[in-house]
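As a plain string of letters, each chain reads:
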Amino acid sequence: MNRLLTVLLMWTAVSTAHTGDRLFPFYELTDEMLATIDIHDGFIDEWYDVGEPSMTVLDCRTWRDEVLPDPSNLDFRIWLAWHDESNRIFFAIAAIDDEYVNTHDRSAEGERGSMYYHDNIAFQLDADHSGGTGHRNETPVEEYPLIFGRTQQYAAVARTASGPVLGEYWSGWRVSWMVNPPYGDAGGGVHGENPTMWVIEFFVTPQDVWGEGPENTVFSDLEANQIVGFVTIVRDRDHTKSSNWKPSSIQDDENPFLLDRAYADAFVDGLLLPARSTAVEDVTWGRIKASLQVD
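Residues numbered from 1 in each chain as written. Predicted model: local features only at pLDDT ≥ 70, side-chain atom pairs only at ≥ 80, totals over all residues. Heavy atoms only, no water.

Visitor: Teacher, can you tell me more about the overall build of the protein here?
Guide: Within the protein, the regular secondary structure consists of five helices and 15 strands. Here the protein, with 295 residues, has 53% of them falling under the buried criterion. For the protein, the share of sequence-separated contacts (at least 6 apart) that also reach a separation of at least 24 residues comes to 71%. If you sum the accessible surface of the protein, you get close to 13,200 Å²; carbon and sulfur atoms cover 51% of it. (Helix = DSSP H or I, 4+ residues; strand = E, 2+ residues; numbered from the N terminus. Buried < 20%, exposed > 50% of the residue type's maximum accessible area, 1.4 Å probe, protein only. Contact = heavy atoms within 4.5 Å. Areas by Shrake-Rupley, 256 points an atom, 1.4 Å probe, with all protein chains shown as cover.)

Okay, here's the thing in structure tokens:
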């Protein structure tokens, strides 16, 4: 058995997962790999040199109705990665969509000004794997730092009529220091029509305790073989019916508020892999074993 596959299976056995019994790979980007990644070019070709996708539509189900994937409606691949020196988490998605709906304008009022009502992705991160039960409507605002301080929530669109394509929850999806260089940045692209390929790439800097600015924020210290909690939500806003695609292991009855209330106990787990030349072959074989349910 290849060494990396052994590590993945070992960590799956001993880790205390937020939800489910699977570890999703976060590839370590070497400096050479990072130099090839352009998050503003609107394409994801370079990510295939990093490794197999960390997650695909086959790993997901729709929110509420638990619909199985239909690639003719929406198909996507997601890459997750990390870079040691810069202490950043990277995200990339390429989606093929039969109906692309996005008229987002950050300067507009109402639905057009909210990322939620357009084809977009949400990414939530609990880098220190501390979990948390989130908040309810009755939670006092002054307690939010205690609840949210160890998790971050981001949303991004492939394009927008004005402003950046990346936002974060704590400022009401407005632009803040968290999503501006050097702490965060994003780009996207939209290609073709019916179907449309849309692409989003970004990086963020995870925080263990967040403050009003970087000067009073405790940033996470990422290390190889570290387990992080995270969740991805791919929002497909078709004209007739919209769907939210989330990891299959997250059950709706366990957490009805995952989308906006930092319910980190329901996050899935990711493993920060060390940089290895055999990562593509090992993770590919791990995916084949999982799909065939080979013992």
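So much for the structure itself; the text now carries on.
Visitor: Teacher, can you tell me more about the pairing of strand β7 (residues 152–156) here?
Guide: Moving residue by residue along a regular strand, the side chains alternate between the two faces of the sheet. Among the five residues in β7, five count as buried, and that is most of the element. Side chains Q152, Y154 and A156 project from β7 onto one buried face, and the interleaved Q153 and A155 project onto a second face that is buried too. Here strand β6 (residues 120–126) pairs with β7 via five bridges, running antiparallel. Looking across to β7, one finds that Q124 is bridged to Q153. Note that β7 and strand β8 (residues 166–168) share three bridges and pair antiparallel. Paired with A155 across the two strands is G167, which belongs to β8. (Pairing = 2+ DSSP bridges.)

Visitor: Please explain the environment of N216 as it appears in this structure.
Guide: Among the structural elements, N216 can be located in the loop between β11 (207–209) and β12 (218–219). Not counting the four nearest positions on each side in its chain, N216 is found in contact with W210 and G211. Within polar-contact distance, the side chain of N216 engages the backbone nitrogen of G213 at 3.1 Å. (Polar contact = N/O pair within 3.5 Å; in protein donor to acceptor, adjacent residues only side chain to side chain.)

Visitor: Explain the pattern of salt bridges to me, please; I cannot follow it from the model alone.
Guide: Two side chains with opposite charge may pair up if their charged atoms get near one another. Throughout the structure, instances matching the rule amount to one salt bridge. With its nearest N and O atoms 2.7 Å apart, the salt bridge here joins D59 to R22. Pair noted here: D59 is in the loop between β2 (55–56) and β3 (60–62) and R22 is in the loop between α1 (3–14) and β1 (23–28), with a separation of 37 residues, a long-range link. Assessed through its relative accessible area of 32%, R22 is described here as partly exposed. (Salt bridge = Lys/Arg side-chain N within 4 Å of Asp/Glu carboxyl O.)

Visitor: Please explain a negative patch on the surface as it appears in this structure.
Guide: A contiguous patch of negative charge, built from D31, E32, D84, E85, D221 and E223, is present on the exposed surface. Relative to the elements of secondary structure, D31 occurs in helix α2 (residues 31–36). (Patch = residues over 30% accessible without salt bridge, like charges linked within 9 Å, V, L, I, M, F, W, Y side chains within 5 Å. Lys, Arg positive; Asp, Glu negative; His and termini not counted. Charge placed at Lys NZ, Arg CZ, Asp CG, Glu CD.)

Visitor: What is the right way to look at the nonpolar core in this model?
Guide: Side chains of nonpolar character tend, in soluble globular proteins, to be buried together. Among the nonpolar cores identified, the biggest contains 47 residues, and F76, I121, F123 and F202 are the most heavily contacted of them. At the level of elements, β1, β4 (74–83), β5 (88–97), β6, β7, β10 (196–204), β13 (227–237) and β15 (268–272) are the ones that each hand at least two residues to this core. Those residues in contact with F202 that sit more than four places away from it in its chain are I89, F90, F91, I121, F123, A156, L166, D185 and A186. Judged by nonpolar contacts, the second largest core, of 18 residues, contains L29, I39, W79 and A92. (Core = buried A, V, L, I, M, F, W, Y, C linked by side-chain atoms within 4.5 Å.)

Visitor: Honestly, the pairing of β6 in this entry has me stumped. Any pointers?
Guide: Within β6, seven of the seven residues are buried, which leaves it mostly tucked inside the rest of the structure. Neither face of β6 is exposed, since N120, A122, Q124 and D126 on one face and I121, F123 and L125 on the opposite face are all buried. Relative to β13, β6 runs antiparallel, the two sharing seven bridges. By the bridge assignment, I121 is partnered in β13 with V234.

Visitor: Mind showing me how you'd approach the side chain of D238 here?
Guide: With respect to the helices and strands, the residue D238 is situated in the loop between β13 and β14 (242–247). This buried residue, D238, is left without a salt bridge; R237 holds the nearest opposite charge, at 8.9 Å.

Visitor: What should I look at first to understand unusual backbone geometry in this one?
Guide: Negative phi values dominate among residues other than glycine, just as trans dominates among peptide bonds. Here the residue pair P181 and P182 is connected by a cis peptide bond, since its omega of 10° sits within 30 degrees of zero. Looking at where P182 falls in the secondary structure, it is placed in the loop between β8 and β9 (184–191). Between N194 and P195 the backbone carries a cis peptide bond, its omega angle lying at 5°. Turning to its location among the elements, P195 is positioned in the loop between β9 and β10. For N87, which is not glycine, the phi dihedral falls at a positive 60°. Even without a glycine there, the phi angle at H129 is positive, about 60°. Here H129 lies in the loop between β6 and α4 (144–148).

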